[in-house]
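Letter by letter, the chains look like this.
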Amino acid sequence: MNTPARVLVGGLVTALPVLFVLAVLVLGGWLAPVPALVAAAVVYAGITLLLAPLIGGVAGVRGALDRMAANEPAPEVQSLSPSVRDLWLALGRWARSVRAEIRARDSALESARSVLATLPEPLLLLDAARRVVRANTAATALFGERIEGRDLAGVLRHPAVLTATDQVLKGETTRTVEFELTSPVERHLRAVVARLTPEAEGAAAVLVLHDLTELKRAERLRADFVANASHELRTPLATLVGFIETLRGPAREDTSARDRFLGIMAEQAARMTRLVEDLLSLSRIEMNEHRAPTEAVRIENALRQAADPLEPRAKARGMRFVFDVAPDLPPVAGDLDELVQVFQNLFDNALKYGDQGTAIEIVARPSSRALSGARPGERGGVAIAVRDHGAGIAHEHIPRLTERFYRVDAARSRALGGTGLGLAIVKHIVSHHRGAFEIDSELGQGSVFTVHLPVAASQKITAGTVA
Ligand code: ADP
């Protein structure tokens, strides 16, 4: 209905009670029909004239609201009739407050979304039909970009996770399952599925994954380590027990056998002592690993103190230490005792695995390698390379040499008095010093073990570390 028709009909409806009264008066004979008709016409005309601006104004406001809903500009207040101006202004105030509330909710929603997006754990929001409604960045990195809208079964094909999710969607509050993924890489994960009440953005449940791979690996390493250490100790211990029984029984009166057995027992006891000392060193270094040493140590001191006690063994094998230390090397930031242990382990290996009659060459030079322990704006420090001329090491073994108890040839290492912990200790001490450790080797040529250490922050040399 257009506006004039509305005005005419509205006037008629409003005038109805008066017209009714006039009709009753005429029918009762109290009023003559002609004056009654005149009165009815005047009343109708008057009401219509009064209603016209009101109905016109309301129609104008409705038109303006329609235009605004269609994103067209709102009319100026002056262009509206005075009868609806106040209504229009009140509507404007209400609209502004609704808009402010929507903006506040939008920004709360945005920040909730960005918190979800930046969570380091993969997170999926699922609807009641188990479809992915939303996935954060960590989840898309794990499962791929196009997972929104897909059933969870097509994203994470693990029966235990799907069962747990179904149970939550059927009414359980929360379920936790641990499971393994084998592709693209092997991972150990824990999934926590929880119900969302009330539902949020069409999501009925949230699924969060925690990566337990590192934790499980560390647990396995620890268990392996304890098993290896016990095994290493059990062997000499069993030998000792065996010889004690023999000496108490059959060999009780056999002097020559007793001397031989005691020699072997002393050797086994020494092996156990070395093992226990190495284990203690490792745990001591691990405990201190978070605090980098700050003493200024002259590298030639550490090298000398490591080589001196080994000179007799070198002589016995016709071998010699040959030092080539660049003059004016800056002192390194370190712990003298630990650095002596690093070089003692490397020299000891060179003596064990180097060929008889060869030289063990030690070269110390400034290093250009970027080290985490270097001072800001300063690159590298000092590099010390220990080269032997022996059988060398096959390439496939090199990355694993610093693992505890890893040996290329376990029988040979044991026969030479090795514990399998020497290079693990070296690696830990070097990382305690925020340095770097490299191994190079060629079969039949020999090996080079290089230690990079950051230079000391202060050039002041502490007592006991100066040559
Ligand atoms: P070990 O006590 O057995 O020497 P390490 O941790 O010092 O233990 O060394 C681990 C393994 O690395 C050794 O068993 C040996 O197989 C190999 N290795 C270490 N140093 C050398 C070297 N200079 N030449 C050849 N092989 C080496």
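Rules behind the numbers
Each chain has its residues counted from 1, running along the sequence as written. Predicted model: local features are reported for residues with pLDDT of at least 70 only, side-chain atom pairs are reported and counted for 80 or more only, and whole-chain, interface and lining totals are derived from all residues. Hydrogens and waters are ignored; side-chain quantities use all the structure's heavy atoms. One heavy atom within 4 Å of a molecule or strand makes the whole residue count as near it. Between N or O atoms, a polar contact is any pair within 3.5 Å; within protein, one atom must be a potential hydrogen donor and the other a potential acceptor, and residues adjacent in sequence are included only when both atoms are from side chains. The method behind every accessible area is Shrake-Rupley, applied with a 1.4 Å probe, and residues are considered shielded solely by the protein chains displayed. Under the DSSP-based scheme used, a helix requires at least four consecutive residues in state H or I and a strand at least two consecutive residues in state E, with every element numbered from the N terminus. Here's how the labels work: a residue is buried when its accessible area is under 20% of the maximum for its type, exposed when over 50%, partly exposed in between, all with a 1.4 Å probe on protein chains only. Contacts are assigned to residue pairs that have any heavy atoms within 4.5 Å of one another. Note on terminology: a nonpolar core comprises buried Ala, Val, Leu, Ile, Met, Phe, Trp, Tyr and Cys residues joined through side-chain atoms within 4.5 Å. For patches, a residue must show more than 30% relative accessible area and have no salt bridge; joins then use 9 Å for like charges and 5 Å for nonpolar side chains, namely Val, Leu, Ile, Met, Phe, Trp and Tyr. The salt bridge criterion pairs a side-chain nitrogen of Lys or Arg with a carboxyl oxygen of Asp or Glu, the two atoms within 4 Å. Counting rule applied: Lys, Arg positive; Asp, Glu negative; His and chain ends not counted. For charged residues, the charge sits on one atom: NZ in Lys, CZ in Arg, CG in Asp, CD in Glu. One bridge is not enough; two strands pair if DSSP finds at least two bridges between them. The domain boundaries here were taken from an automatic or database domain assignment. In short, buried area is how much 1.4 Å probe accessible area vanishes from two parts on joining, totalled over both. Every axis in this analysis is a line fitted to C-alpha atoms, fitted for helices over the stretch in contact. Angles between the N-to-C directions lie between 0 and 180 degrees. By definition, pLDDT measures how confident the predictor is in each residue, and it falls between 0 and 100. Pairing of aromatic rings covers Phe, Tyr and the six-membered ring of Trp, with a centre-to-centre limit of 6.5 Å; geometry is then stacked below 30 degrees between planes, edge-to-face above 60, and tilted otherwise. Whether a charge sits over a ring comes down to the Lys NZ or Arg CZ being within 6 Å of the ring centre and within 35 degrees of the ring normal. Just so you know how the angles are binned, under 35 degrees is roughly parallel, over 145 roughly antiparallel, 65 to 115 roughly perpendicular, and the rest oblique. The crossing is said to be left-handed when, going from far helix to near helix, the turn is anticlockwise and less than a right angle, and right-handed when the turn is clockwise. By the convention adopted, Pro, Cys, Tyr, Trp, Phe, Met, Ile, Leu, Val and Ala count as nonpolar, Lys, Arg, Asp and Glu as charged, and the other residues, Gly among them, as polar.

So, on to the site of the ligand. Near the ligand there are 18 residues, and of these Asn349, Asp388, Ser413, Thr419 and Leu423 occur at the shortest range. Backbone polar atom of Leu423 to an oxygen atom of the ligand: 2.8 Å apart, as the coordinates give it. Alone, the ligand offers 520 Å² of accessible surface; in the complex the protein occludes 96% of this. Going through the elements one at a time, helix 10 (336-353), helix 12 (422-432) and strand 12 (446-454) are the ones with two or more residues in the shell around the ligand.

Moving on: helix 12. Burial analysis of helix 12 places nine of its eleven residues in the buried class, which makes it a mostly covered element. Residues of helix 12 that are buried include every one of Gly422, Leu423, Ala424, Ile425, Val426, His428, Ile429, Val430 and His432, and no others. Looking at the buried side of helix 12, the elements it contacts are helix 7 (255-288), helix 10, strand 11 (436-442) and strand 12.

Moving on, we get to the environment of Thr294. Topologically, Thr294 is positioned in the loop between helix 7 and strand 6 (295-297). A relative accessible area of 73% places Thr294 in the exposed class. A sequence separation of 39 residues divides Thr294 from Ala333, and the C-alpha atoms of the two residues are 5.2 Å apart.

Right, let's get into the nonpolar core. Counting residues in hydrophobic clusters, the biggest one holds 50 residues, and the most contacted among them are Ile299, Phe321, Phe343, Leu346, Phe347, Ile384 and Phe437. Of all the secondary-structure elements, those providing two or more residues to this core are helix 7, helix 8 (299-307), helix 10, strand 9 (359-367), strand 10 (381-388), helix 12, strand 11 and strand 12. Sort the elements by how many residues they give to this core and helix 10 lands first, with nine residues. Listed in part, the 26 residues of the second largest apolar core include Leu124, Ala164, Val168 and Leu181.

On the surface, a cluster of positive charge is contributed by Arg93, Arg96, Arg99 and Arg103. Tracing the chain through its elements places Arg103 in helix 3 (residues 82-118).

With that settled, the discussion passes to the pairing of strand 11. Here strand 11 pairs with strand 12 via seven bridges, running antiparallel. From the neighbouring strand, Glu442 faces strand 12, where its bridge partner is Gly446. Connecting strand 11 to the antiparallel partner strand 12 that follows it, the hairpin turn spans three residues, and Gly444 within it adopts a positive phi of roughly 80 degrees.

Here the domain parsing of the chain yields domain 1 (3-97), domain 2 (119-211), domain 3 (216-287) and domain 4 (296-454). Between the C-alpha centres of domain 3 and domain 4 the distance comes to 27 Å. Facing 13 residues of domain 3, the contacting portion of domain 4 comprises 14 residues. Summing both sides of the interface, domain 3 and domain 4 together bury roughly 1,300 Å²; the carbon and sulfur share of this comes to 63%. The interface formed by domain 3 and domain 4 contains three salt bridges. Residue Arg407 is joined to Glu232 by a salt bridge in which the shortest nitrogen-to-oxygen separation is 2.8 Å.

Hydrogen bonding along the main chain pairs the strands of a sheet, whether they run parallel or antiparallel. Across the sheet, five strands lie side by side as 2-1-5-4-3; this open sheet has antiparallel pairing. The open sheet has two free edges, formed respectively by strand 2 (132-135) and strand 3 (174-181), since each of these has just one partner strand. Neighbouring strand axes in the sheet, compared pairwise and without regard to direction, differ in orientation by 25 degrees on average. As judged from the four bridges shared by strand 1 (residues 123-126) and strand 5 (residues 203-211), these two strands associate in the antiparallel manner. Paired with Leu125 across the bridge in strand 5 is Val206. The sheet contacts of helix 5 (residues 159-169) involve strand 1, strand 3, strand 4 (187-200) and strand 5, and relative to strand 3 the element is tilted by about 165 degrees.

Turning our attention to the pattern of salt bridges. One pass over the structure, following the stated rule, counts 22 salt bridges. The shortest N-O distance in the salt bridge between Glu178 and Arg190 comes to 3.5 Å. Of the two residues, Glu178 is situated in strand 3 and Arg190 in strand 4; the sequence distance between them amounts to twelve residues. Note on Glu178: relative accessible area 41%, which makes it partly exposed. Residue Glu178 is joined to Lys216 by a salt bridge in which the shortest nitrogen-to-oxygen separation is 3.8 Å. Here Lys216 lies in helix 6 (residues 213-248) and Glu178 lies in strand 3, a separation of 38 residues in the sequence.

Turning our attention to the confidence of the model for the chain. For the chain, per-residue confidence averages 89 on the pLDDT scale, and 95% of positions sit at 70 or higher. The model gives residues 460-467 a pLDDT under 50, and that stretch makes 16 contacts with residues more than four places away or in other chains.

The next point concerns the packing of aromatic side chains. In this description, an aromatic ring pair is defined by two values, namely the gap between the centres and the angle between the planes. Applying the stated rule across the entire model yields seven aromatic pairs. Here the aromatic cluster, defined as three or more aromatic residues joined through ring pairs, consists of Phe321, Phe323, Phe343 and Phe347. The lysine or arginine in question, Arg404, covers the ring of Phe225, its NZ or CZ lying 4.7 Å from the ring centre.

Look at helix 7 against helix 12: their axes get within 10 Å of each other, and the N-to-C directions meet at 20 degrees. Compared by their axis directions, helix 7 and helix 12 come out roughly parallel. For the pair helix 7 and helix 12, the crossing hand works out as left-handed. Taken together, the residues of helix 12 that come into contact with helix 7 (itself represented by Asp278, Ser281, Leu282, Ile285, Glu286 and Asn288) are Ala424, Ile425, His428, Ile429 and His432. Residues belonging to the contact of helix 7 with helix 12 are distributed by class as follows: five nonpolar, four polar and two charged.

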